[in-house]
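Now for the letters of each chain:
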Amino acid sequence: MKFEAPVTLLFDNDGTLLSSMDSVLSCWTRWAREYGISAEDFAAVELHGRPAADIVGDLLPAELIPEALARIERLEVEDVPHGGVVPLPGTAELLASLPEGSWAVVTSATRELAEARLRAVGIEAPLVIAADDITRGKPDPEPYLLAAEKLSADPARCVVFEDAPAGLEAGRSAGMRTVGLATTHRRDQLRADVVVEHLGSVTAQVNASGVTVVAAD
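Thresholds applied
- Residues numbered from 1 in each chain as written.
- Predicted model: local features only at pLDDT ≥ 70, side-chain atom pairs only at ≥ 80, totals over all residues.
- Heavy atoms only, no water.
- Salt bridge = Lys/Arg side-chain N within 4 Å of Asp/Glu carboxyl O.
- Helix = DSSP H or I, 4+ residues; strand = E, 2+ residues; numbered from the N terminus.
- Buried < 20%, exposed > 50% of the residue type's maximum accessible area, 1.4 Å probe, protein only.
- Contact = heavy atoms within 4.5 Å.
- Pairing = 2+ DSSP bridges.
- Phe/Tyr/Trp six-rings, centres within 6.5 Å; stacked < 30°, edge-to-face > 60°.
- Right-handed = clockwise from strand over helix to strand, strands pointing away.

Draft legend 1. Up close: the pattern of salt bridges. Under the definition given, this model contains 13 salt bridges. Asp12 is paired through a salt bridge with Lys138; the nearest N and O atoms lie 3.1 Å apart. Taken together, the residues Asp12 in the loop between strand S2 (8-11) and strand S3 (18-19) and Lys138 in the loop between strand S6 (128-129) and helix H7 (142-150) connect sequence positions 126 residues apart. Each of the two residues, Asp12 as well as Lys138, counts as buried. With a shortest N-O distance of 3.0 Å, Arg186 and Asp188 are connected by a salt bridge. Under the relative-accessibility criterion, Arg186 is labelled exposed at 52%. Residue classification places Asp188 among the exposed positions, given a relative accessible area of 63%.

What follows is the structure in structure tokens.
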């Protein structure tokens, strides 16, 4: 599928640009043990593509949420240097081909954690929309609409790259076109304009009218 110029590219972070699944599972499993959460209750909660506040809120009473959020944030940030964060195929090549001001990262993680993970794989994002910046996380469209506003981009001319159903729903609700990446979910779980294996299947062509994106499914 070809998304004709001019388009603005909005990338989810974890599962799209990079993978921190080893780190996420290790840290959240440790966190769950510390808070006495049963394996059954922990397994029933979707971890991927959701703000930590939503996950913690599903598992603990309200009075414990601030302390528990601070704890999982610290565990994940401290774990970044230990090798659990790696770039996904095609990320470096695609980002290197994009002109300044044509893309942003839109993540459910906090800014501190998101930027630590991006630095770990050598990505310098021109704009990061993080959990700190919004009041409603994915699947609400707020994060993607804020990114479009910051880039002075028409939402109808934005393309969202996501690996999680909640993120794709956020992109659709924002009136944006969507590319699903089958890095953490099966293809049949991803509702998008096109679904590809990873960013290695995506190319960007830059010309006088802007950026054209080609996603080969």
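Having put the structure on the table, let's press on.
Draft legend 2. How the structure looks around helix H8 (residues 165-173). Among all positions of H8, only Ala166, Gly167, Leu168, Ala170 and Gly171 are buried. Where the residues of H8 are buried, they touch H7, strand S7 (158-162) and strand S8 (177-181). Downstream of H8 by a residue or two, Gly175 has a phi angle that is positive, lying close to 80°.

Draft legend 3. Representation of the pairing of strand S10 (residues 202-207) in the model. Sheet analysis places S10 next to strand S11 (residues 210-215), joined by 6 bridges and oriented antiparallel. Across the sheet, the residue bridging to Gln205 is Thr212, located in S11. Linking S10 to S11, which pair antiparallel, is a turn of 2 residues.

Draft legend 4. Focus on the packing of aromatic side chains. Inspection of the entire model under this criterion finds 4 aromatic pairs. Through a chain of ring-to-ring contacts, the aromatic side chains of Phe11, Trp103 and Phe161 assemble into a single cluster.

Draft legend 5. Seen up close, the environment of Ala192. Within the secondary structure, Ala192 sits in the loop between S8 and strand S9 (194-196). The class of Ala192 is partly exposed, set by a relative accessible area of 24%. Ala192 sits 102 residues away from Gly90 along the chain, and the two C-alpha atoms are 19 Å apart.

Draft legend 6. Fine view of the sheet that holds S11. Spatial strand order, S1-S11-S10: 3 strands in an open sheet with antiparallel pairing. Whereas interior strands pair on both sides, the edge strands pair on one side only; in this sheet they are strand S1 (2-3) and S10. Looking at chain direction, S1 and S11 are connected through 2 bridges and run antiparallel. Note on S11: the bridge partner recorded for Lys2 is Val214.

Draft legend 7. Up close: the pairing of S7. In terms of residue burial, S7 counts as a mostly covered element, since 5 of its 5 residues are buried. Neither face of S7 is exposed, since Cys158, Val160 and Glu162 on one face and Val159 and Phe161 on the opposite face are all buried. The sheet contact formed by S2 and S7 spans 4 bridges and is parallel. Following the sheet pairing, Phe11 is matched in S7 by Phe161. Relative to S8, S7 is paired through 4 bridges, and the arrangement is parallel. Within S8, the position partnered with Phe161 by the bridge is Val179. Traced from S7 through H8 to S8, the parallel crossover comes out right-handed.

Interpretation in functional terms is not warranted from these geometric data alone.
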